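Secondary and tertiary structure notes
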Amino acid sequence: MIGDIRETKECQLKDPMDLFHSGQIVKICAPMVRYSKLAFRTLVRKYSCDLCYTPMIVAADFVRSAKARDSEFTTNKGDHPLIVQFAAKEAQVLCDAARIICPFADGIDLNCGCPQRWAISEGYGACLINKPELVKDMVRHVRSQIDNPKFSVSIKIRIHEDLKRTVDLCQKAEAAGVSWITVHGRSIEERHQPVHYDAIKIIKQSMSIPVVANGDVKTLKDAENVHHLTEADGIMVARGLLANPAMFAGYEETPFQCIQDWVDIALEHGTPFTCFHHHLMYMMERITSKQEKKVFNVLSSTSAVLDYLNDHYGV
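Cut-offs used in this document
One numbering rule holds for all chains: residues counted from 1, following each sequence as written. Note on the predicted model: pLDDT of at least 70 is required for a residue's local features to be given, and 80 or more for side-chain atom pairs to be given and counted; whole-chain, interface and lining totals, by contrast, use all residues. Hydrogen atoms and water are omitted, and side-chain values are computed over all heavy atoms in the structure. Secondary structure is summarised from DSSP: a helix means a run of H or I of at least four residues, a strand means a run of E of at least two, and numbering begins at the N terminus for each. Atoms considered for the radius of gyration are the C-alpha atoms alone. The globule rule reads 2.2 Å times the number of residues to the power 0.38. Buried residues are those whose accessible area, probed at 1.4 Å on protein chains only, stays under 20% of the maximum for their type, while exposed residues exceed 50% and partly exposed ones sit between those limits. Throughout, a residue-residue contact means that at least one pair of heavy atoms, one from each residue, lies within 4.5 Å. Values of accessible area rely on a 1.4 Å probe in the Shrake-Rupley scheme; residue burial ignores everything except the protein chains shown. UniProt positions are given in the numbering used here, feature names are shortened, and annotations may be inferred rather than shown by experiment. For every element, the axis is a line fit to its C-alpha atoms; helices are fit only across the contacting stretch, and the angle between N-to-C directions ranges from 0 to 180 degrees. Each angle is binned into one of four classes, with values under 35 degrees roughly parallel, values over 145 roughly antiparallel, values of 65 to 115 roughly perpendicular, and all other values oblique. Gly is placed with the polar residues, together with every amino acid not listed as nonpolar (Ala, Val, Leu, Ile, Met, Phe, Trp, Tyr, Cys and Pro) or charged (Asp, Glu, Lys and Arg). Cavities and pockets are found on a 1 Å grid laid over the protein atoms alone: a cavity is a set of points where a 1.4 Å probe fits but cannot escape, a pocket is an open set with protein on both sides within 12 Å along at least five of seven lines, and a lining residue has an atom within 4 Å of such a point. Grid points are joined across faces, edges and corners, and a volume is the space filled by probe spheres set on the points.

1. With respect to the overall build of the protein chain
For the protein chain, the count of helices and strands is 16 helices and nine strands. The C-alpha radius of gyration computed for the protein chain amounts to 19 Å, which stays within 12% of the reference 20 Å derived for 315 residues, consistent with globular compactness. Expressed along its principal axes, the backbone C-alpha trace of the protein chain runs to roughly 55 × 40 × 40 Å. Among the 315 residues that make up the protein chain, the fraction classed as buried is 55%. Counted over contacts in the protein chain with a minimum sequence separation of 6, partners at least 24 positions apart contribute 69%. In the form shown here, the protein chain has an accessible surface area of approximately 13,800 Å², with 51% of it arising from carbon and sulfur atoms.

2. Brief notes about the UniProt feature "domain: DUS-like FMN-binding" (unreviewed entry) in the protein chain
Under the feature "domain: DUS-like FMN-binding" (unreviewed entry), the UniProt entry names residues 29–292. Structurally, residues 29–292 is divided into 45% helix and 14% strand, and its ends, taken at the C-alpha atoms, are 28 Å apart.

3. Observations regarding the packing of helix H13 (residues 256–269) against helix H14 (residues 273–284)
Geometry of a packed helix pair, given as the angle between the helix axes and the separation of the axes. Between H13 and H14, whose axes approach to 11 Å, the crossing angle comes to 175°. As summarised for this structure, H13 and H14 are arranged roughly antiparallel, according to the angle between their axes. Counting all contacts with H13, which are made through Cys258, Ile259, Trp262, Val263 and Ala266, the residues of H14 involved are Cys275, Phe276, His279, Leu280, Met283 and Met284. When its residues are assigned to classes, the contact of H13 with H14 shows ten nonpolar, one polar and no charged.

4. Thoughts on the layout of surface pockets
Here the largest pocket is characterised by a volume of approximately 880 Å³. Around the largest pocket sit 33 residues that line it, and Pro31, Met32, Arg158, Ala238 and Arg239 are the ones nearest its centre. Where the lining of the largest pocket is concerned, the elements lending two or more residues are strand S6 (152–158), strand S9 (234–237) and helix H12 (239–243). Looking at the lining of the largest pocket residue by residue, the class counts come to 16 nonpolar, nine polar and eight charged. When its volume is computed, the second largest pocket comes out at roughly 490 Å³. As for the second largest pocket, its lining consists of 24 residues, and the residues nearest its centre are Lys37, Leu38, Thr74, Thr271 and Pro272. Elements that contribute at least two residues to the lining of the second largest pocket include exactly helix H3 (38–46), helix H5 (66–72), H13 and H14. Among the elements that take part in the lining of the second largest pocket, H3 stands out by supplying four residues, more than any other.

5. Concerning the UniProt feature "binding site: FMN" (unreviewed entry) in the protein chain
Per the UniProt annotation, the sites labelled "binding site: FMN" (unreviewed entry) are Pro31, Met32, Val33, Gln85, His184, Ala238 and Arg239. As for the largest pocket, its lining draws on Pro31, Met32, Val33, Gln85, His184, Ala238 and Arg239 from among the annotated residues. The exposure class assigned to Ala238 is partly exposed, which follows from its relative accessible area of 24%. Look past the residues within four positions of Ala238 in its chain and what remains in contact with it is Ala30 and Met32. Here Arg239 is in contact with Met32, His192 and Asp216, once residues within four sequence places are set aside.

Here you go:
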């Protein structure tokens with residue numbers, strides 16, 4: 001919320017590219033609708049996550065409405081490096097959004113991967129992989145209008161059936177000045193099919209900028225395997241981090257300390273009950289019995305959840 005952001009004027013913005021030059025795999029929390037908000041980003045940063053994305057924000061709404069800005073975007077001093085992901089289909093609208101966000105975040109990402117029908121019908125998300133000239137234009141516009149050279153401009157894509165088209169898209173984006181490209185290794189039609197890690201490797205070998213691999217990473221071991229399979233510079237995780245926010249720190253399942261940390265952070269941030277509860281449902285999925293889930297998942301207030309955690313887990 002931009003009201004909340006003013007204190008971050010003093011915050012130390014970071015150059016996300018420094019992470020990619022560190023020689024380590026960059027561990028990244030994906031943009032997740034409803035979930036990758038400030039409180040959750042604060043939690044995963046405690047557990048070795050290097051770079052966090054906001055949920056996808058529709059750039060046109062963000063530019064047009066102060067109300068949208070306040071409800072869609074909150075940050076604080078510790079929330080860096082931070083990438084704000086936008087859905088956009090016009091270069092100038094994306095630039096205007098980038099300009100507003102520039103003092104408070106370390107970069108923007110253009111969503112070219114969301115396969116949801118509403119996004120595609122609006123001209124957002126994954127349909128952009130079929131418009132390489134438009135993507136190139138959007139990247140170039142932001143590059144030319146934001147005068148902070150450390151402010152990153154990245155894109156997140158899905159792959160084409162014909163991989164030559166994907167490589168062409170990536171090379172055009174690179175020529176326009178894109179900082180890095182995140183590749184979700186599935187096509188628009190694919191949902192739960194195996195991820196094409198071989199495709200990510202081919203894309204990586206065709207580029208001289210960093211490439212981030214995304215798709216089906218559930219543990220730190222998975223992240224290391226995908227790094228070896230694809231040669232990607234970073235690994236982006238969505239559902240794996242929801243299930244285990246301590247994943248990047250090497251935990252096989254969510255440790256109780258992480259649940260305690262979530263309770264403390266969520267209460268401190270005034271997280272709405274539904275979001276607070278849903279995160280706990282994901283985090284406790286692997287460590288609770290069917291019977292316990294039946295009880296826990298229907299609790300309907302913060303106090304009921306806190307009592308349950310205290311009684312059963314001493315949290």
